[in-house]
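Read off the chains here:
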Amino acid sequence: MANQLEIRNLNVTIGDKPILKDFSLSIPKGEVHALMGPNGTGKSTLAKVIAGHEDYTVQSGEVLVDGVNIIGMEPDEIARSGVFLAFQYPLEIPGVSIANFVRAALQARMEEGETFNAPAYYRSLYEKMDLLQIDRKFTARSVNEGFSGGEKKRCEILQMAMLDPKYCIMDETDSGLDIDALKIVANGVNLMRSPDRAFLVITHYQRLLDYIIPDKVHVMWDGRIVQSGNKDLALELESKGYNWVKEELATA
Ligand code: ADP
Ligand code: MG
């Protein structure tokens, strides 16, 4: 179906170890879905497979972006189709300013024959920075070099805003993210929420969801979704812990 990101019966291995096991999930445009689960259940694997990471082998299944299967596409082709994956561990790129880095990302995504309009780019960059309340001095700094956790997140959110993706996948380990950084991510997501865009917010802890109110919450366990609900499910998980899900599964 068009207008959604649809993951259909995805089976993924690393080496010969199965990681995603018949994983299915649909996220319609306009919605924010949270994916939660204990460490090692395959949340980051899912994010990377959608982005076209080469370490993973897709044994079967599909990832449909507005009805088009992106499995087998190169990462840049997937990005062009409107998917953005925020980085869990951002790289430092000394000597490359944020303005030039974002510009390179946009240029890489352009079709052949398209030309880059620098004044329009800077206009749009400053517009997004104002929206996200980022100081203009920030654009001249080297990507992630000596950045605080919060500044890295600002850089990431700015990239996301400039690329204007249809489907945003945010893989937040939460570890090392202080409240300020969480708020920057949440604020960026909330400002970018739109009927033309969907978000998959991956998180281990509930606290990010204090700031981003998701339309749906999914709990992942051992490579698949075992429970889905509304935002209250995240609160229930927070108070009862992931073992509660395991016990529910055992009695199911
Ligand atoms: P989560 O993000 O839910 O913590 P991951 O997707 O990172 O889980 O990992 C799922 C499983 O896959 C874990 O058992 C992990 O050790 C394994 N795994 C992830 N990436 C790799 C890799 N590049 N090579 C080998 N094993 C990996
Ligand atoms: Mg992870």
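Residues numbered from 1 in each chain as written. Chains lettered and ligands numbered in written order. Predicted model: local features only at pLDDT ≥ 70, side-chain atom pairs only at ≥ 80, totals over all residues. Heavy atoms only, no water.

Asker: Help me out: how do you make sense of the environment of W221 in this one?
Answerer: Relative to the helices and strands, W221 is located in strand β11 (residues 216-221). C-alpha separation for the pair W221 and G40, spaced 181 residues apart in sequence, amounts to 8.8 Å. With sequence-adjacent residues up to four places away left out, W221 is seen in contact with P38, T41, V226, Y242, V245, K246 and L249. (Helix = DSSP H or I, 4+ residues; strand = E, 2+ residues; numbered from the N terminus. Contact = heavy atoms within 4.5 Å.)

Asker: Got a minute to help me understand the sheet that holds strand β4 (residues 57-65) in this structure?
Answerer: Paired through their backbone hydrogen bonds, the strands of a sheet run either parallel or antiparallel. One open sheet accounts for 4 strands, arranged β2-β1-β4-β5; its pairing is antiparallel. Looking along the sheet, the strands with just one partner apiece sit at the ends: β2 (17-28) and β5 (68-69). Across 8 bridges, strand β1 (residues 4-14) lies against β2 in antiparallel orientation. If you follow I7 over to β2, its bridge partner there is L25. Strands β1, β2 and β4 of the sheet are contacted by helix α1 (residues 43-51), whose axis makes an angle of about 110 degrees with β1. (Pairing = 2+ DSSP bridges. Axes fitted to C-alpha atoms, helices over the stretch in contact; angles between N-to-C directions.)

Asker: What is the right way to look at the site of ligand 1 in this model?
Answerer: Taken together, 13 residues lie near ligand 1, and K17, G40, K43, S44 and T45 sit nearest. S44 has a polar backbone atom sitting 2.9 Å from an oxygen atom of ligand 1. Protein contacts shield 63% of the accessible area of ligand 1, which totals 560 Å² for the unbound molecule. At 3 residues, α1 tops the list of elements feeding residues into the shell around ligand 1. Per-class residue counts for the shell around ligand 1 are 4 nonpolar, 6 polar and 3 charged. (Near = heavy atom within 4 Å. Polar contact = N/O pair within 3.5 Å; in protein donor to acceptor, adjacent residues only side chain to side chain. Areas by Shrake-Rupley, 256 points an atom, 1.4 Å probe, with all protein chains shown as cover. Nonpolar A, V, L, I, M, F, W, Y, C, P; charged D, E, K, R; others polar.)

Asker: Could you clarify how one ought to interpret the sheet that holds strand β10 (residues 198-203) in this entry?
Answerer: Spatial strand order, β6-β9-β10-β3-β11-β12: 6 strands in an open sheet with mixed pairing. Each edge of the open sheet is held by one strand with a lone partner, namely β6 (83-86) and β12 (224-229). Direction aside, the axes of adjacent strands within the sheet are offset by 20 degrees on average. Where β11 meets β12, 5 bridges bridge the pair, whose relative direction is antiparallel. The partner of W221 across the bridge, within β12, is R224. Of the strands in this sheet, β3 (32-36), β11 and β12 touch helix α7 (residues 231-240), which is tilted by about 45 degrees from β11. Packed onto the sheet, helix α8 (residues 242-251) meets β3, β10, β11 and β12 and runs at close to 75 degrees relative to β11.

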